[in-house]
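Chains, contacts and geometry: an overview
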Amino acid sequence: MKHFAFIAPPGDGRIDGPPGYLALVRPALAPLARLIGRLWPPHLLSHIEGVHSRMTGREIEGWGVRCPLSARQMLRLPPQVVYDRIVWAGRLAQRQGAGLLGLGPFASGVGDGGVTIAQRLNMPVSTGNSLAVASAVAALEHAVELAGRGVTVAKGQAGGRPTRGTATAAVVGASGSIGLGCAEMLAPLVQELMLVGRREIDLSRARALVEAAGAVGKVRISTRIDDIQEADLVLSAGRATQPRILPDHLKRNAIVCDVVPPGDVSPTVRRERPDVFLTAGGVVTVPGQVDIGLGSGIPAGQAYAYMAEVMVLALEGRYESYSLGQRVHRERVREIAQLALKHGFRLAP
Ligand SMILES: NC(=O)c1ccc[n+]([C@@H]2O[C@H](COP(=O)([O-])OP(=O)(O)OC[C@H]3O[C@@H](n4cnc5c(N)ncnc54)[C@H](OP(=O)(O)O)[C@@H]3O)[C@@H](O)[C@H]2O)c1
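Presented here is an overview of the structure given in this document.

1. As for empty space enclosed by the protein
Tallied over the entire structure, the rule returns 1 cavity of 30 Å³ or more. Within this model, the largest cavity holds a volume of roughly 40 Å³. Considering the residues around the largest cavity, the lining is formed by Ile-7, Ala-8, Pro-9, Pro-10, Met-74, Leu-103, Gly-104, Pro-105, Phe-106, Ala-107 and Tyr-306. Here the element with the most residues in the lining of the largest cavity is helix α4 (residues 104–107); it accounts for 4 residues. Taken together, the residues of the lining of the largest cavity break down into 10 nonpolar, 1 polar and no charged.

Given below as C-alpha coordinates:
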(Lines give C-alpha, C1' and ligand atoms only; values in the text may rest on other atoms or scores of the structure.)
Protein backbone atom coordinates (compact mmCIF):
# COMPACT_ATOMS: atom_id res chain seq x y z
CA MET A 1 0.00 0.00 0.00
CA LYS A 2 1.26 3.48 -0.85
CA HIS A 3 1.31 6.20 1.78
CA PHE A 4 0.48 9.90 1.57
CA ALA A 5 2.69 12.78 2.66
CA PHE A 6 2.40 16.52 2.97
CA ILE A 7 4.69 19.46 3.57
CA ALA A 8 4.09 20.68 7.13
CA PRO A 9 3.08 24.35 7.56
CA PRO A 10 6.23 26.49 7.76
CA GLY A 11 5.06 28.45 10.80
CA ASP A 12 1.92 30.06 12.16
CA GLY A 13 0.62 30.98 8.69
CA ARG A 14 1.78 34.61 8.64
CA ILE A 15 4.15 35.58 5.85
CA ASP A 16 6.46 37.29 8.33
CA GLY A 17 5.78 34.90 11.22
CA PRO A 18 8.58 32.89 12.82
CA PRO A 19 9.34 29.49 11.29
CA GLY A 20 7.62 26.54 12.99
CA TYR A 21 10.83 25.21 14.52
CA LEU A 22 11.50 28.51 16.32
CA ALA A 23 8.06 29.67 17.33
CA LEU A 24 9.36 31.71 20.25
CA VAL A 25 12.24 33.33 18.43
CA ARG A 26 12.76 37.04 19.21
CA PRO A 27 12.40 39.35 16.19
CA ALA A 28 16.09 40.29 16.44
CA LEU A 29 17.01 36.64 15.89
CA ALA A 30 14.83 36.24 12.79
CA PRO A 31 17.79 36.51 10.33
CA LEU A 32 19.61 33.76 12.26
CA ALA A 33 16.46 31.61 12.18
CA ARG A 34 16.25 32.04 8.41
CA LEU A 35 19.90 31.09 8.01
CA ILE A 36 19.29 27.94 10.07
CA GLY A 37 16.31 27.19 7.81
CA ARG A 38 18.45 27.41 4.70
CA LEU A 39 21.10 25.07 6.10
CA TRP A 40 18.93 22.53 7.93
CA PRO A 41 17.94 19.59 5.71
CA PRO A 42 14.25 18.64 5.31
CA HIS A 43 13.17 15.94 7.75
CA LEU A 44 10.22 13.79 8.77
CA LEU A 45 8.13 15.54 11.39
CA SER A 46 5.26 13.18 12.11
CA HIS A 47 3.95 9.75 11.25
CA ILE A 48 0.20 9.89 10.84
CA GLU A 49 -1.73 6.69 11.47
CA GLY A 50 -5.36 5.76 11.89
CA VAL A 51 -7.02 7.62 8.99
CA HIS A 52 -9.94 5.32 8.42
CA SER A 53 -12.61 5.53 5.68
CA ARG A 54 -16.17 5.38 7.09
CA MET A 55 -17.31 4.08 3.71
CA THR A 56 -14.82 1.37 2.77
CA GLY A 57 -13.11 0.71 6.11
CA ARG A 58 -9.76 1.23 4.40
CA GLU A 59 -7.02 2.58 6.66
CA ILE A 60 -4.07 4.62 5.44
CA GLU A 61 -0.99 6.22 6.93
CA GLY A 62 1.26 9.06 5.98
CA TRP A 63 3.98 11.51 6.86
CA GLY A 64 4.26 15.20 7.65
CA VAL A 65 7.57 16.45 6.24
CA ARG A 66 9.22 19.67 7.31
CA CYS A 67 10.98 21.78 4.74
CA PRO A 68 12.75 24.16 7.13
CA LEU A 69 12.23 27.45 5.32
CA SER A 70 10.12 30.22 6.79
CA ALA A 71 6.92 31.29 5.00
CA ARG A 72 8.69 34.45 3.84
CA GLN A 73 11.61 32.44 2.41
CA MET A 74 9.25 30.12 0.53
CA LEU A 75 7.53 33.05 -1.14
CA ARG A 76 10.53 35.35 -1.61
CA LEU A 77 13.58 33.18 -2.42
CA PRO A 78 14.18 32.36 -6.11
CA PRO A 79 11.74 29.54 -7.02
CA GLN A 80 14.59 27.20 -8.04
CA VAL A 81 16.08 27.39 -4.54
CA VAL A 82 12.71 26.57 -2.94
CA TYR A 83 11.96 23.82 -5.50
CA ASP A 84 15.27 22.13 -4.57
CA ARG A 85 14.26 22.03 -0.93
CA ILE A 86 10.71 20.83 -1.55
CA VAL A 87 11.93 18.13 -3.94
CA TRP A 88 14.42 17.06 -1.28
CA ALA A 89 11.54 16.84 1.24
CA GLY A 90 9.44 14.92 -1.33
CA ARG A 91 12.23 12.37 -1.89
CA LEU A 92 12.36 11.75 1.83
CA ALA A 93 8.62 11.02 1.79
CA GLN A 94 9.03 8.79 -1.28
CA ARG A 95 11.61 6.71 0.57
CA GLN A 96 8.99 6.11 3.31
CA GLY A 97 6.64 4.78 0.64
CA ALA A 98 4.58 7.91 -0.06
CA GLY A 99 2.85 7.84 -3.43
CA LEU A 100 1.38 11.34 -3.24
CA LEU A 101 2.64 14.65 -1.82
CA GLY A 102 0.42 17.53 -0.61
CA LEU A 103 2.05 20.95 -0.88
CA GLY A 104 -0.12 23.31 1.14
CA PRO A 105 -0.43 27.11 1.14
CA PHE A 106 3.23 28.11 0.93
CA ALA A 107 4.91 25.36 -1.12
CA SER A 108 2.09 25.63 -3.67
CA GLY A 109 2.49 29.42 -3.83
CA VAL A 110 5.97 29.00 -5.32
CA GLY A 111 6.39 29.43 -9.08
CA ASP A 112 4.06 27.25 -11.13
CA GLY A 113 2.06 25.77 -8.25
CA GLY A 114 3.57 22.27 -8.14
CA VAL A 115 4.04 21.49 -11.85
CA THR A 116 7.86 21.59 -11.74
CA ILE A 117 7.94 19.81 -8.39
CA ALA A 118 5.80 16.94 -9.73
CA GLN A 119 8.05 16.62 -12.80
CA ARG A 120 11.26 16.66 -10.82
CA LEU A 121 9.97 14.18 -8.23
CA ASN A 122 8.39 11.92 -10.79
CA MET A 123 5.60 11.53 -8.24
CA PRO A 124 2.07 12.97 -8.12
CA VAL A 125 1.70 16.13 -6.07
CA SER A 126 -1.39 18.12 -5.17
CA THR A 127 -1.61 21.67 -3.84
CA GLY A 128 -4.66 20.65 -1.77
CA ASN A 129 -6.43 23.81 -2.92
CA SER A 130 -9.55 22.07 -4.31
CA LEU A 131 -10.60 20.78 -0.89
CA ALA A 132 -9.45 24.03 0.73
CA VAL A 133 -11.90 25.96 -1.50
CA ALA A 134 -14.68 23.39 -1.00
CA SER A 135 -14.36 23.48 2.78
CA ALA A 136 -14.17 27.30 2.95
CA VAL A 137 -17.34 27.76 0.89
CA ALA A 138 -19.11 24.98 2.81
CA ALA A 139 -18.13 26.63 6.12
CA LEU A 140 -19.61 29.92 4.93
CA GLU A 141 -22.83 28.24 3.74
CA HIS A 142 -23.12 26.39 7.05
CA ALA A 143 -22.59 29.65 8.94
CA VAL A 144 -25.42 31.28 6.95
CA GLU A 145 -27.76 28.47 8.07
CA LEU A 146 -26.61 28.55 11.71
CA ALA A 147 -26.67 32.33 12.05
CA GLY A 148 -30.24 32.69 10.76
CA ARG A 149 -29.74 36.34 9.84
CA GLY A 150 -32.38 36.41 7.12
CA VAL A 151 -29.97 36.39 4.17
CA THR A 152 -29.68 33.32 1.98
CA VAL A 153 -27.34 31.68 -0.50
CA ALA A 154 -28.83 29.71 -3.41
CA LYS A 155 -29.48 26.03 -2.77
CA GLY A 156 -29.38 24.46 -6.21
CA GLN A 157 -32.78 22.82 -6.51
CA ALA A 158 -35.66 23.30 -4.05
CA GLY A 159 -38.77 21.40 -5.09
CA GLY A 160 -37.36 21.21 -8.61
CA ARG A 161 -36.76 24.96 -8.90
CA PRO A 162 -33.42 26.64 -8.34
CA THR A 163 -33.57 29.25 -5.55
CA ARG A 164 -31.77 32.58 -5.77
CA GLY A 165 -29.53 33.81 -3.00
CA THR A 166 -30.33 37.18 -1.42
CA ALA A 167 -26.90 37.85 0.13
CA THR A 168 -24.25 40.33 -0.92
CA ALA A 169 -20.87 38.63 -0.42
CA ALA A 170 -17.31 39.95 -0.39
CA VAL A 171 -14.17 37.88 -0.96
CA VAL A 172 -10.96 39.42 0.41
CA GLY A 173 -7.80 38.29 -1.43
CA ALA A 174 -9.97 37.49 -4.44
CA SER A 175 -7.13 37.39 -6.95
CA GLY A 176 -5.30 34.59 -5.10
CA SER A 177 -5.76 30.84 -5.73
CA ILE A 178 -8.14 30.23 -2.84
CA GLY A 179 -9.89 33.60 -3.06
CA LEU A 180 -10.60 33.29 -6.78
CA GLY A 181 -11.64 29.65 -6.40
CA CYS A 182 -14.09 30.62 -3.61
CA ALA A 183 -15.40 33.60 -5.61
CA GLU A 184 -16.13 31.35 -8.60
CA MET A 185 -18.01 28.90 -6.37
CA LEU A 186 -19.99 31.70 -4.68
CA ALA A 187 -20.81 33.56 -7.91
CA PRO A 188 -23.98 31.57 -8.76
CA LEU A 189 -25.09 31.45 -5.12
CA VAL A 190 -25.33 35.13 -4.14
CA GLN A 191 -27.13 38.21 -5.37
CA GLU A 192 -24.06 40.42 -5.55
CA LEU A 193 -20.34 39.70 -5.20
CA MET A 194 -17.51 42.06 -4.32
CA LEU A 195 -13.90 41.11 -5.07
CA VAL A 196 -11.44 42.85 -2.74
CA GLY A 197 -7.67 42.98 -3.13
CA ARG A 198 -4.73 45.29 -3.46
CA ARG A 199 -4.33 45.59 -7.24
CA GLU A 200 -7.07 46.64 -9.61
CA ILE A 201 -5.52 44.91 -12.59
CA ASP A 202 -5.54 41.51 -10.80
CA LEU A 203 -9.10 42.09 -9.63
CA SER A 204 -10.29 42.94 -13.15
CA ARG A 205 -8.87 39.65 -14.39
CA ALA A 206 -10.53 37.84 -11.49
CA ARG A 207 -13.87 39.54 -12.26
CA ALA A 208 -13.83 38.26 -15.85
CA LEU A 209 -13.30 34.70 -14.60
CA VAL A 210 -15.96 35.01 -11.89
CA GLU A 211 -18.51 36.36 -14.37
CA ALA A 212 -17.75 33.47 -16.70
CA ALA A 213 -18.29 31.08 -13.77
CA GLY A 214 -22.00 31.89 -13.81
CA ALA A 215 -22.44 34.96 -11.62
CA VAL A 216 -26.16 35.67 -11.34
CA GLY A 217 -25.79 39.24 -10.09
CA LYS A 218 -23.41 42.15 -10.25
CA VAL A 219 -19.66 41.48 -9.66
CA ARG A 220 -17.81 44.53 -8.31
CA ILE A 221 -14.15 45.05 -7.53
CA SER A 222 -12.57 47.17 -4.79
CA THR A 223 -9.10 47.91 -3.49
CA ARG A 224 -10.55 49.36 -0.26
CA ILE A 225 -11.09 46.97 2.64
CA ASP A 226 -13.70 49.41 4.09
CA ASP A 227 -16.03 48.50 1.22
CA ILE A 228 -16.75 45.11 2.79
CA GLN A 229 -19.09 47.10 5.05
CA GLU A 230 -21.71 46.62 2.33
CA ALA A 231 -21.46 42.82 2.50
CA ASP A 232 -23.72 40.43 4.42
CA LEU A 233 -21.13 37.67 4.00
CA VAL A 234 -17.34 38.04 4.02
CA LEU A 235 -14.87 35.31 3.06
CA SER A 236 -11.28 36.25 3.83
CA ALA A 237 -8.62 34.38 1.80
CA GLY A 238 -5.61 36.66 1.57
CA ARG A 239 -2.26 36.26 3.24
CA ALA A 240 -1.98 37.78 6.68
CA THR A 241 0.86 39.96 7.79
CA GLN A 242 -1.40 41.62 10.37
CA PRO A 243 -5.19 41.14 10.78
CA ARG A 244 -6.82 43.55 8.32
CA ILE A 245 -10.53 43.14 9.08
CA LEU A 246 -11.43 45.45 11.96
CA PRO A 247 -14.75 45.98 13.83
CA ASP A 248 -15.62 49.12 11.85
CA HIS A 249 -15.25 47.32 8.52
CA LEU A 250 -18.19 45.00 9.05
CA LYS A 251 -21.91 45.45 8.37
CA ARG A 252 -24.35 44.88 11.23
CA ASN A 253 -25.05 41.10 11.60
CA ALA A 254 -22.34 40.21 9.05
CA ILE A 255 -21.30 36.57 8.69
CA VAL A 256 -17.54 36.15 8.28
CA CYS A 257 -15.52 33.08 7.26
CA ASP A 258 -11.76 33.47 7.82
CA VAL A 259 -9.55 31.03 5.88
CA VAL A 260 -6.31 32.78 6.79
CA PRO A 261 -4.33 31.24 9.65
CA PRO A 262 -3.79 32.60 12.26
CA GLY A 263 -6.54 35.06 11.27
CA ASP A 264 -7.22 38.04 9.02
CA VAL A 265 -10.04 39.13 11.33
CA SER A 266 -8.79 41.19 14.26
CA PRO A 267 -9.47 39.71 17.75
CA THR A 268 -11.20 43.05 18.51
CA VAL A 269 -14.10 41.94 16.26
CA ARG A 270 -14.94 39.16 18.72
CA ARG A 271 -14.82 41.60 21.65
CA GLU A 272 -16.55 44.63 20.13
CA ARG A 273 -18.99 43.14 17.62
CA PRO A 274 -21.20 40.47 19.27
CA ASP A 275 -23.60 40.82 16.31
CA VAL A 276 -20.98 39.41 13.89
CA PHE A 277 -21.04 35.64 13.26
CA LEU A 278 -17.44 34.51 12.86
CA THR A 279 -16.27 31.12 11.60
CA ALA A 280 -12.99 29.60 10.40
CA GLY A 281 -12.66 27.88 7.03
CA GLY A 282 -10.17 25.36 5.69
CA VAL A 283 -10.13 22.96 8.66
CA VAL A 284 -11.83 19.55 8.61
CA THR A 285 -12.30 16.62 10.96
CA VAL A 286 -10.60 13.43 9.81
CA PRO A 287 -12.36 10.03 10.12
CA GLY A 288 -10.51 7.73 12.54
CA GLN A 289 -8.27 8.31 15.54
CA VAL A 290 -5.81 10.82 14.14
CA ASP A 291 -3.44 13.36 15.62
CA ILE A 292 -1.70 15.46 13.00
CA GLY A 293 0.57 16.90 15.71
CA LEU A 294 3.37 18.89 14.05
CA GLY A 295 3.18 21.47 16.83
CA SER A 296 0.82 23.33 14.53
CA GLY A 297 -1.89 23.87 17.11
CA ILE A 298 -4.36 21.78 15.10
CA PRO A 299 -6.59 19.90 17.59
CA ALA A 300 -6.48 16.09 17.56
CA GLY A 301 -8.87 14.66 14.99
CA GLN A 302 -8.61 17.69 12.69
CA ALA A 303 -6.44 18.68 9.72
CA TYR A 304 -6.04 21.55 7.32
CA ALA A 305 -8.04 20.90 4.16
CA TYR A 306 -4.91 20.64 1.98
CA MET A 307 -3.68 17.76 4.16
CA ALA A 308 -7.11 16.15 4.03
CA GLU A 309 -7.13 16.34 0.22
CA VAL A 310 -4.18 13.92 -0.09
CA MET A 311 -5.76 11.66 2.55
CA VAL A 312 -9.00 11.52 0.54
CA LEU A 313 -7.10 10.76 -2.67
CA ALA A 314 -5.10 8.02 -0.95
CA LEU A 315 -8.33 6.46 0.44
CA GLU A 316 -9.70 6.50 -3.11
CA GLY A 317 -6.48 4.93 -4.45
CA ARG A 318 -6.13 7.96 -6.75
CA TYR A 319 -2.42 8.69 -6.69
CA GLU A 320 -2.55 11.58 -9.15
CA SER A 321 -1.66 15.27 -9.35
CA TYR A 322 -5.21 16.28 -8.56
CA SER A 323 -4.87 20.04 -7.88
CA LEU A 324 -1.95 21.46 -9.77
CA GLY A 325 -1.06 25.04 -10.78
CA GLN A 326 -2.37 28.28 -9.30
CA ARG A 327 -5.92 27.95 -10.69
CA VAL A 328 -8.52 25.89 -8.86
CA HIS A 329 -11.07 24.13 -11.06
CA ARG A 330 -14.74 24.06 -10.05
CA GLU A 331 -15.42 20.50 -11.19
CA ARG A 332 -12.51 19.27 -9.03
CA VAL A 333 -13.79 21.30 -6.04
CA ARG A 334 -17.19 19.61 -6.35
CA GLU A 335 -15.71 16.14 -6.87
CA ILE A 336 -13.23 16.25 -3.98
CA ALA A 337 -15.97 17.59 -1.67
CA GLN A 338 -18.13 14.57 -2.50
CA LEU A 339 -15.25 12.12 -2.08
CA ALA A 340 -14.34 13.69 1.27
CA LEU A 341 -17.93 13.35 2.50
CA LYS A 342 -18.09 9.75 1.25
CA HIS A 343 -15.04 8.77 3.34
CA GLY A 344 -16.31 10.57 6.46
CA PHE A 345 -14.43 13.91 6.45
CA ARG A 346 -16.56 16.76 7.88
CA LEU A 347 -16.25 20.48 8.49
CA ALA A 348 -14.47 21.11 11.78
CA PRO A 349 -16.93 22.38 14.42
N1 LIG B 1 -6.64 25.45 5.13
C2 LIG B 1 -5.99 25.07 4.05
O3 LIG B 1 -5.83 23.89 3.77
C4 LIG B 1 -5.44 26.14 3.13
C5 LIG B 1 -4.97 25.74 1.87
C6 LIG B 1 -4.49 26.73 1.02
C7 LIG B 1 -4.45 28.06 1.46
N8 LIG B 1 -4.90 28.39 2.69
C9 LIG B 1 -4.85 29.80 3.15
O10 LIG B 1 -5.58 30.58 2.23
C11 LIG B 1 -4.96 31.85 2.06
C12 LIG B 1 -4.75 32.12 0.58
O13 LIG B 1 -3.87 31.15 0.02
P14 LIG B 1 -3.50 31.21 -1.53
O15 LIG B 1 -2.73 29.99 -1.85
O16 LIG B 1 -4.71 31.53 -2.30
O17 LIG B 1 -2.52 32.47 -1.54
P18 LIG B 1 -2.00 33.38 -2.76
O19 LIG B 1 -2.64 32.98 -4.01
O20 LIG B 1 -0.52 33.39 -2.72
O21 LIG B 1 -2.41 34.85 -2.24
C22 LIG B 1 -3.70 35.19 -1.87
C23 LIG B 1 -3.82 36.70 -1.87
O24 LIG B 1 -3.21 37.27 -0.71
C25 LIG B 1 -2.81 38.60 -0.99
N26 LIG B 1 -1.41 38.77 -0.57
C27 LIG B 1 -0.32 38.18 -1.07
N28 LIG B 1 0.78 38.62 -0.42
C29 LIG B 1 0.34 39.50 0.52
C30 LIG B 1 0.95 40.31 1.50
N31 LIG B 1 2.26 40.31 1.67
N32 LIG B 1 0.17 41.09 2.29
C33 LIG B 1 -1.16 41.12 2.13
N34 LIG B 1 -1.81 40.39 1.20
C35 LIG B 1 -1.06 39.60 0.41
C36 LIG B 1 -2.93 38.78 -2.49
O37 LIG B 1 -4.13 39.48 -2.75
P38 LIG B 1 -4.10 41.01 -3.16
O39 LIG B 1 -2.75 41.32 -3.76
O40 LIG B 1 -5.20 41.16 -4.14
O41 LIG B 1 -4.36 41.71 -1.90
C42 LIG B 1 -3.11 37.37 -3.01
O43 LIG B 1 -3.87 37.32 -4.17
C44 LIG B 1 -3.65 31.81 2.85
O45 LIG B 1 -3.84 32.50 4.05
C46 LIG B 1 -3.43 30.34 3.10
O47 LIG B 1 -2.73 30.09 4.31
C48 LIG B 1 -5.40 27.47 3.53
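Additional details are given in the paragraphs that follow.
2. Overview of the packing of helix α6 (residues 129–147) against helix α10 (residues 305–316)
Pairs of packed helices are described in terms of their axes, by the angle between the two and the distance that separates them. Running from N to C, α6 and α10 cross one another at 120°; their axes reach a closest spacing of 7 Å. Here α6 is positioned oblique relative to α10, judged by the angle of their axes. By crossing handedness, the relation of α6 to α10 is classed as right-handed. Two secondary-structure elements touch here, α6 through Asn-129, Ser-130, Leu-131, Ala-132 and Ser-135 and α10 through Ala-305, Ala-308, Glu-309 and Val-312. Taken together, the residues that form the contact of α6 with α10 break down as 5 nonpolar, 3 polar and 1 charged.

3. Thoughts on the sheet that holds strand β16 (residues 346–347)
Taken together, 3 strands build an open sheet; the order of strands is β15-β14-β16 and the sheet is antiparallel. Only two strands of the sheet have a single partner each, and these edge strands are β15 (302–304) and β16. In the sheet, strand β14 (residues 283–285) pairs with β15 via 3 bridges, with the strands oriented antiparallel. Bridging from a neighbouring strand, Val-283 pairs with Tyr-304 of β15. Each of β14 and β15 is contacted by α10, which is oriented at about 100° to β15, the strand it contacts most.

4. Focus on the site of the ligand
Taken together, 22 residues lie around the ligand, and Ile-178, Gly-238, Arg-239, Gly-282 and Tyr-306 are the ones closest in. In this structure, an oxygen atom belonging to the ligand sits 3.0 Å away from a main-chain N or O atom of Ser-177. At 3.2 Å, a backbone N or O of Ala-305 approaches an oxygen atom of the ligand. Taken by itself the ligand offers 910 Å² of open surface, and the protein chains cover 89% of this. Residue assignment for the shell around the ligand shows that the elements contributing at least two residues are α6, α7 (177–186) and α10. Classifying every residue of the shell around the ligand by side-chain character gives 11 nonpolar, 7 polar and 4 charged.

Cut-off values and rules
Residues numbered from 1 in each chain as written. Predicted model: local features only at pLDDT ≥ 70, side-chain atom pairs only at ≥ 80, totals over all residues. Heavy atoms only, no water. 1 Å grid on protein atoms, 1.4 Å probe; cavity = no way out; pocket = protein on both sides within 12 Å on 5 of 7 lines; lining within 4 Å. Points joined across faces, edges and corners; volume = space filled by probe spheres on them. Helix = DSSP H or I, 4+ residues; strand = E, 2+ residues; numbered from the N terminus. Nonpolar A, V, L, I, M, F, W, Y, C, P; charged D, E, K, R; others polar. Axes fitted to C-alpha atoms, helices over the stretch in contact; angles between N-to-C directions. Parallel < 35°, antiparallel > 145°, perpendicular 65-115°, else oblique. Left-handed = near helix turned anticlockwise from the far one by under 90°. Contact = heavy atoms within 4.5 Å. Pairing = 2+ DSSP bridges. Near = heavy atom within 4 Å. Polar contact = N/O pair within 3.5 Å; in protein donor to acceptor, adjacent residues only side chain to side chain. Areas by Shrake-Rupley, 256 points an atom, 1.4 Å probe, with all protein chains shown as cover.

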